[in-house]
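One-letter residues, chain by chain:
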Amino acid sequence: MVKNPRKRQKTGKPQHKTVPLGADLRNDTSKDDEERRLENLLFGVPYAPEKAGKEILVVSDEEADDGPHEVGREFENLLDSDLFFVDDNAGLSGLSQGPQDHVQSDADDGEEPIILEVPESDEDEEISIIHQEIPQQPQKTKAPAWTDPDDVNVQVSLASNNRLRKLRDAPSDDTVGGREYERRLRRQFEHINPTPDWASIARKKRERGKRRRSSVSGSESGEDVVPELLASTAGILATAKSRTIPPSTLSIERLRDANQAAPADGEIKTVAFHPSPHIPVLLTASADRRLRLFHIDGLTNPHAQTLHVPSLPITNAVFHPSGTSILMTGPRPFYYTYDLQSGASHRSPRGLWGTTFSSGRGDQGASMEISSFNPTGDILAVAGRRGQVHLVDWRSGAAQVVGELKANTNVKSLWWSKAGAGELLGLTEDSQVYVWNIGQRKCVKRWQDEGGFGSRLFGGDSQGKYLTVGSNTGLVNVYNAESTIDLEGGKPKTLKTIGNLTTSISTLRFNHDSQLLAIASNDKKDQMRMVHCPSLTAFGNWPTSSTPLGHVTSVDFSRESEYLAIGNTRGRVLLYQLRHFSQQ
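In this report, the structure presented in the accompanying data block is examined. All of these numbers come straight from a predicted model, not from anything done at the bench.

1. Quick notes on the overall build of the chain
Looking only at helices and strands, the chain features nine helices and 32 strands. Classification of the 584 residues of the chain by burial places 36% in the buried group. Sequence-distant contacts in the chain: of pairs separated by 6 or more residues, those separated by 24 or more amount to 46%.

2. Observations regarding unusual backbone geometry
Residue W542 is joined to P543 through a cis peptide bond whose omega torsion reads -5 degrees. Positive phi is not limited to glycine here, since R289 has a value of about 60 degrees. Topologically, R289 is positioned in the loop between β7 (281-286) and β8 (290-295). When its relative accessible area of 28% is taken as the criterion, R289 is described as partly exposed. Of note in this structure, N301 is not a glycine but carries a positive phi near 50 degrees. Position of N301 among the secondary structure elements: in the loop between β8 and β9 (303-308).

3. Thoughts on the environment of G298
Note on placement: G298 falls in the loop between β8 and β9. Judged by relative accessible area, which is 13%, G298 ranks as buried. Sequence separation of G298 and Y576 is 278 residues, and the distance between their C-alpha atoms is 8.6 Å. Residues in contact with G298, not counting those within four places in the same chain, are L255 and Y563.

4. Side note on the sheet that holds strand β14 (residues 371-373)
What the four strands build is an open sheet, ordered β14-β15-β16-β17; its pairing is antiparallel. Strands at the two margins of the open sheet, each flanked by one partner only, are β14 and β17 (400-406). Within the sheet, the average angular offset between the axes of one strand and its neighbour, ignoring direction, is 20 degrees. Inspection of the sheet shows strand β15 (residues 379-383) paired to strand β16 (residues 388-393) by five bridges, in the antiparallel sense. Of the residues in β16, the one forming a bridge with A383 is V389.

5. Quick look at the nonpolar core
L516, M528, M530, W542, L564 and I566 are the most contacted members of the largest nonpolar core, which totals 20 residues. At the level of secondary structure, the elements contributing two or more residues to this core comprise β27 (516-520), β28 (528-532), β30 (552-557), β31 (563-568) and β32 (573-578). By size, the runner-up hydrophobic cluster in this structure holds 17 residues, among which are A272, V281, M328 and Y338.

About the criteria used
- Residues numbered from 1 in each chain as written.
- Predicted model: local features only at pLDDT ≥ 70, side-chain atom pairs only at ≥ 80, totals over all residues.
- Heavy atoms only, no water.
- Helix = DSSP H or I, 4+ residues; strand = E, 2+ residues; numbered from the N terminus.
- Buried < 20%, exposed > 50% of the residue type's maximum accessible area, 1.4 Å probe, protein only.
- Contact = heavy atoms within 4.5 Å.
- Pairing = 2+ DSSP bridges.
- Axes fitted to C-alpha atoms, helices over the stretch in contact; angles between N-to-C directions.
- Core = buried A, V, L, I, M, F, W, Y, C linked by side-chain atoms within 4.5 Å.

And the structure:
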C-alpha cells in the first residue's frame, strides 16, 4: 500500500503547457539584431534594432484588455494568413475619382495593361512587391486602315481549345470577347518574343526627348529661348562634342564575339553596322552564302536573323543610307535587296545592264562587287567592264540605269565625295583617279596617285576631310579631300604616306568623326593597324602581338564608334569597345 503512492509520485511528471511556435518572442534581453531579424521574417514580429530601445511598441486596433498589457503579445495566437496581406489599392490611393473612372473605361476598351514592379532592394529588410495594372497611355499613332466592327460581338471559348488554354488567367476562365481575346493573344506573343534591348533603349531615349521638350516648352517662354539660340553659332540640332583621342594610347577592350550566337561556316566577307545610332544591328556576310543580323549589346549579342542566298556568293553587303534595306552583291551580273521592314527580298531585273555585263573572261566580266551608294541613297554607282560605270536610279524602286560614265581602264574602286557637290571618284588599274560630275555626266578632273603603281582601293571619311588610297605594296597615301576635287588646282599632294604594313591593302575604314583610321591586309596574319588621323601616326599599344586578329577581311565602326567589328577568314567577328566614345 505504501509503494503505490511512491510509484505515482515517481512517475508523475509536471505537465507543461504547450506553447505555440513563435509565441515566446517577447523576451529580447538575450537576443541580438540578427535573431530579431529572423523572427521578423518567419513570424511577423516587428523588428527594431537594439539601439532603438529595449522594448518594441506595437500599435493595435483592438481594444486593450483590462489586465496589464504585455509587450509583443498581440500576434501570439494569430495565423500567418492574418499577419500578411497584399494591399492591391496601395498604388491607386492617391488618385482622385476622375482618373479612376478613366482608368476603368480604358481597361474596358481592351487596352493592354502595363505591369510595373518595384525593383528589389539591397537592404536587409524585406520589401513586398506590389503589381499594379495601369492602362497604357494613349499614343499618337496613325489610325488603323480598317477595323472590323464584328470583333466586339465575337465570343471565343478558351477552355474547349487545347491551344487556347494557355491564354486563361484562371482555371475558371472560359469565354471572352473579341477585344479581350486580341489583348491576350498580344500578351502571349510579347511573352514569347520579348522586346529587344535596342528597341527598348530607342523608345526610352525618345520618351526622354519628349519629356525634355515638354518641360522646356512649359517652363520657358519663347523670349527666353531665342537669346540662347542666337548666342551660339552651333546648329540647333548639334550633338555633344566628341572627345579628342590622344595620339599615344588607344583605350580599347575586347568583348564577346559579335557572331558567337551564330558563327559562320566560312570566311567573313563583309561586316557593317546599321547607319542609325539608335539601332545597334550588325550584318555579316560569309562565304557560306548567308547574311546574318545580330543585335549588338556588348554582352550576349543575340542572333536576330539569317538570310540564305544560294544563287549569289555574297562578297559585298551594305546598308542603304536610309537604313531600310540591305544591298547584296557578288561575282554575278545581278544583285539582291532585302527590305528590313517587310522582310521581303528582291532580285534585280534581267537585262538591266545591257551588253556591258555580258559573259566575259576578265575579272570583272560579270561582277557587281564594286558598287557604292551616294550619300542620299538616290543613286547606285556600279563598275562594269572596260571602264564602264553605271548609274542606277534607286528612288523609283524599279532599278533603272539612268546614265553611264567611262574610264580608260577597268575601275577597281568607287567613292562619293563628301567635300564638294557630290562628285563620284573612281580608281582605275593604272592608278588614275577620275573625278566625274554626275549632273554633267563627264570627267572634270583626273590625277595620278602618288607612286603611281599598284593602287588597289581608296576611300574617304564621312566628314569630307580625308581621302586615302591603298596599294599592293602596303603603302597608304592620305590626301586632303578638298584638294582631290579642286578643279583649279593641279595634282593633289599627299599629307602623309603610312607605311606600317608591307602587304596588299584590303580594308580602309574611318570612324564617324574622322579621328581613327583602320587599315588592314588579308594576305598575312594579324596585319592591321589603327591610325590617329589628326597626327597621322599609328597607335603603339594596340593591336599587339597577342591580339587574335587572324587574317583580317573586313572592319567597320558603329555609328557613334562605340564598337569596332573585325571579320577574319576563320568565320569569327571580333568585337571591341572603344572607351573614348562609350564613356561620352
